Amino acid sequence: MPLRFGQEVQAVPRQADLARSGRRIHGNCEPSFAPVRAAFEKNFEAHGEVGAAVAVYHEGRLAVDLWGGLRDADRGLPWERDTLTCMMSVSKGISATAMAMAYDRGLVDLDAPVARYWPAFSAAGKERITVRQALSHVAGVPVAESAREGDIYSFDTMAAALASQAPL
């Protein structure tokens, strides 16, 4: 929960206090990834983390799989190995890396119209929008206005909605 102006900050519990309260760290961590575990623990000890999880795959194997704290602080429910959580902007880094690799390999021209690669995108006045503009969030298509609840789970539905969307 974010702090409000004038709100008193409580002391952050140490790992021993976390263990007593049921908010201890669980899971496994390969010895060579000990700094990851230390940083994860520090989030609880020094930064007031309430509940979290982290997984790191290295060379195809799970090297770090840690979780701890509370998934619901108000009710005292512990973070479990399979606790679901909302994640924001997770795909941006992966997408940026993939696009940079495609550019480096000559597979995409950043100054070409998006329609070169996705002809349906040229509808509704978007024929001159470039890949660079789309990647820079200046294409005027921040939302798919025609999308309805649940449409986000259908690639084809969302692609059609974005393709038909006029720039805002």
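Our subject is the structure that appears above.
Let me sum up the structure you'll find in this document. Nothing here was measured: the structure is a model prediction, and the numbers come from that model.

The rules behind the values
- Residues numbered from 1 in each chain as written.
- Predicted model: local features only at pLDDT ≥ 70, side-chain atom pairs only at ≥ 80, totals over all residues.
- Heavy atoms only, no water.
- Helix = DSSP H or I, 4+ residues; strand = E, 2+ residues; numbered from the N terminus.
- Buried < 20%, exposed > 50% of the residue type's maximum accessible area, 1.4 Å probe, protein only.
- Contact = heavy atoms within 4.5 Å.
- Areas by Shrake-Rupley, 256 points an atom, 1.4 Å probe, with all protein chains shown as cover.
- Pairing = 2+ DSSP bridges.
- Core = buried A, V, L, I, M, F, W, Y, C linked by side-chain atoms within 4.5 Å.
- Phe/Tyr/Trp six-rings, centres within 6.5 Å; stacked < 30°, edge-to-face > 60°.

**Thoughts on the overall build of the chain**
Phase 1: Across its full length, the chain holds five helices and four strands.
Phase 2: Walking the chain from its N terminus toward its C terminus, one meets helices and strands in the order α-β-α-β-β-β-α-α-α.
Phase 3: By residue count, 23% of the 168 residues in the chain fall in the buried class.
Phase 4: Taking the contacts inside the chain whose residues are at least 6 apart along the sequence as the reference set, 43% of them involve residues at least 24 apart.
Phase 5: Surface exposure of the chain reaches about 12200 Å², of which carbon and sulfur atoms provide 55%.

**Side note on the pairing of strand 3 (residues 61-72)**
Phase 1: Here strand 1 (residues 25-29) pairs with strand 3 via five bridges, running antiparallel. Note on strand 3: the bridge partner recorded for G27 is L66.
Phase 2: Bridge analysis of strand 2 (residues 51-58) against strand 3 gives eight bridges, and the strand direction is antiparallel. Its bridge partner being in strand 3, G51 is matched across the sheet by G69.

**Quick word on the nonpolar core**
Phase 1: In terms of nonpolar packing, the biggest core is built from nine residues, these being A102, V108, L110, V114, F121, I129, V131, A139 and V141.
Phase 2: Those residues in contact with A102 that sit more than four places away from it in its chain are L107 and V108.
Phase 3: Core analysis: the next-biggest nonpolar cluster, separate from the first, contains eight residues, I25, F33, F44 and A63 among them.

**Overview of the packing of aromatic side chains**
Phase 1: Per the stated rule, a full pass over the model turns up two aromatic pairs.
Phase 2: Between F40 and F44, the aromatic rings sit 5.4 Å apart at their centres with planes inclined by 70 degrees, giving edge-to-face as the arrangement. Of this pair, F40 and F44 are both found in helix 2 (residues 34-45), four residues apart, which corresponds to roughly one turn of the helix.
Phase 3: On the basis of an interplanar angle of 35 degrees and a centroid distance of 5.2 Å, the ring pair of W118 and F121 is categorised as tilted.
Phase 4: Here W118 falls in the partly exposed class, since its relative accessible area comes to 30%.
Phase 5: Look at F121 and you get buried, because its relative accessible area is 6%.

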